[in-house]
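# Residue-level structure breakdown
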Amino acid sequence: MQTFLRRARGKAGTRLCSRPFAPPNLRFTPMTDLAPSSADTPASLGFQMPAEWEPHEATWLAWPHHPTDWPDKLSTIHWVYGEMVRKLSQGELVRIMVNHRREEQQARRTLARSNVDLARVEFVHHRTNRGWTRDSGPIFVQRGHGRRRESAIVHFHFNAWAKYRDWQHDRQVPETAARLLGRQLFHATRDDGTPFVMEGGGIDVNGRGTLLTTEECYLHPKIQVRNPGVGRAEFERVVKANLGVTNVFWLGDGLVGDDTHGHVDDLCRFVNPRTVVLIKETNRRDANYRPLAENWERIRDLRLEDGSKPEVVALPMPGPQVFDGLRLPASYANFYIGNAAVIVPTFNDPNDRVALGTLGELFPDRPVIGIHAVDLVLGFGTLHCLTQQQPK
């Protein structure tokens, strides 16, 4: 399969390049040259996953094309992407995966009409099954400081949340990213050497050594089991070895209606090294009340990598979002931290203002901007689920 990267220039309708575009700071490296020895892990080599608020070189997206993700709404979702890219590209490159040239042309037209500066967009031709780049995209780790800082990619072998059968193209995204960017690629493996499966939306880190996740997602014995037979201890060993964390904290269940079965990025997020936001439901009759209340009990025991207690700030829940009889996982915690802005899903709900105000106080260094997500959440995810940061 041919994969290449090309920067968008000018307005829609600009003649396409006849050959792949490679930015001057990128080198194309055969995958055989990128493979580390089997004894090396990212942590043993000094790599660690940085926090999302640290400077980005780019944000990765995949242009939406899967019709059943957004029933009868796919064309509407393209315009939501236009708004996302317009906000994010003001502070960093946006790398968008497309299936083919025709899809790239469609994306260019939509972005141009959305007033996106196309010089800040690069298209990566890589076939995808779906567009949930947080889970299938490259997860970056870094080591060093200043000019000596270097990044690598960890491959966590996406399998469509152990739920769907079409994941084969998505699983190859980290390999494509490593090849295009000339980055070392690590394969996360279980203790027995077989591939270890994990998604980016199932974890959150503070960049200092602490990682958040949920038992529902990665320890449930029967539902959407990513790694059969892997328990808490082995899971922690693998993420510590591959992400350079030293401290793993487990919450319980995620939101009702979450197609991923408990991703933490709808539930609890770091906003700085010592502060988390945690979703809170105040309506005792709501289906989310009990599991969220349990997580508020658990968070009292959270200790950071240095043994200290973090500050915990409540984020409200929007009112129930229901489509075709299904409860959707609408959550303000699914925000994404870009260089130029924090983009936050909104749901035409009175609590939109509360959530934006709370996050605005927690991110004084960049604007906090709402993105209409009533249509977006029909795909069982919103802004954070669709994005993946590439650190600078």
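See above for the structure.
About the cut-offs
- Residues numbered from 1 in each chain as written.
- Predicted model: local features only at pLDDT ≥ 70, side-chain atom pairs only at ≥ 80, totals over all residues.
- Heavy atoms only, no water.
- Helix = DSSP H or I, 4+ residues; strand = E, 2+ residues; numbered from the N terminus.
- Rg over C-alpha atoms; globule rule 2.2 N^0.38 Å.
- Buried < 20%, exposed > 50% of the residue type's maximum accessible area, 1.4 Å probe, protein only.
- Contact = heavy atoms within 4.5 Å.
- Areas by Shrake-Rupley, 256 points an atom, 1.4 Å probe, with all protein chains shown as cover.
- Lys, Arg positive; Asp, Glu negative; His and termini not counted.
- Charge placed at Lys NZ, Arg CZ, Asp CG, Glu CD.
- Axes fitted to C-alpha atoms, helices over the stretch in contact; angles between N-to-C directions.
- Parallel < 35°, antiparallel > 145°, perpendicular 65-115°, else oblique.
- Left-handed = near helix turned anticlockwise from the far one by under 90°.
- Nonpolar A, V, L, I, M, F, W, Y, C, P; charged D, E, K, R; others polar.
- Pairing = 2+ DSSP bridges.
- Core = buried A, V, L, I, M, F, W, Y, C linked by side-chain atoms within 4.5 Å.

In this section: the overall build of the protein. Across its full length, the protein carries 11 helices and 19 strands. For a compact globule of 392 residues, the expected C-alpha radius of gyration is about 21 Å, and the protein comes in at 20 Å, within 12% of that figure. Its C-alpha atoms give the protein principal-axis dimensions of roughly 60 × 50 × 40 Å. The buried share of the protein, reckoned over its 392 residues, is 58%. A sequence separation of at least 24 residues applies to 77% of the contacts in the protein between residues at least 6 apart. By element, 48% of the accessible surface of the protein is carried by carbon and sulfur atoms, the whole surface being about 16100 Å². Here the protein contributes 50 positively and 45 negatively charged side chains, and the mean placements of these two sets differ by 6 Å.

In a packed pair of helices, the relevant descriptors are the angle between the two axes and the axis-to-axis distance. Interaxial distance between helix α2 (residues 74-88) and helix α3 (residues 101-113) falls to 9 Å at its minimum, and their mutual angle equals 60°. Taken together, the axes of α2 and α3 lie oblique to each other. When the axes of α2 and α3 are compared, the crossing they make is right-handed. Across from H78, W79, Y81, G82 and V85 in α2, the residues of α3 making contact are Q106, T110, L111 and R113. Here the contact of α2 with α3 is built from residues that sort into four nonpolar, four polar and one charged.

The strand order across the open sheet formed by three strands is β11-β12-β13, and the pairing between neighbours is mixed. Looking at which strands have only one partner, the edges of the open sheet turn out to be β11 (268-272) and β13 (311-316). When the angles between neighbouring strand axes are averaged without regard to direction, this sheet yields 35°. The pairing of β11 with strand β12 (residues 275-280) spans four bridges and is classified as antiparallel. Paired with C268 across the bridge in β12 is L278. Strands β12 and β13 of the sheet are contacted by helix α9 (residues 289-298), whose axis makes an angle of about 155° with β12. Helix-sheet contacts for helix α10 (residues 351-362) involve β11, β12 and β13, and the interaxial angle to β13 is about 155°.

All right, on to the nonpolar core then. By size, the foremost hydrophobic cluster in this structure holds 69 residues, and its most contacted members are M84, I96, L111, C268 and F335. Of the residues forming this core, the biggest block, six residues, is contributed by α2. Leave out the neighbours within four places in its chain, and C268 touches D204, L212, L251, V276, V277, L278 and I299. The next biggest cluster of nonpolar side chains, apart from the first, holds 24 residues, and it includes M49, V205, F235 and L243.

Further remarks concern the sheet that holds strand β16 (residues 336-337). Strands sit in the order β16-β17-β18 across an open sheet of three strands; the sheet is mixed. Of all the strands in the sheet, the pair left with one neighbour each is β16 and β18 (368-372). Of the strand pairs in this sheet, strand β17 (residues 342-346) and β18 are connected by five bridges, and their pairing is parallel. By the bridge assignment for β18, V342 is matched with V368. Running over the sheet, α2 touches β16, β17 and β18 and is turned about 165° from β18. Of the strands in this sheet, β17 and β18 are in contact with α10, which crosses β18 at around 150°.

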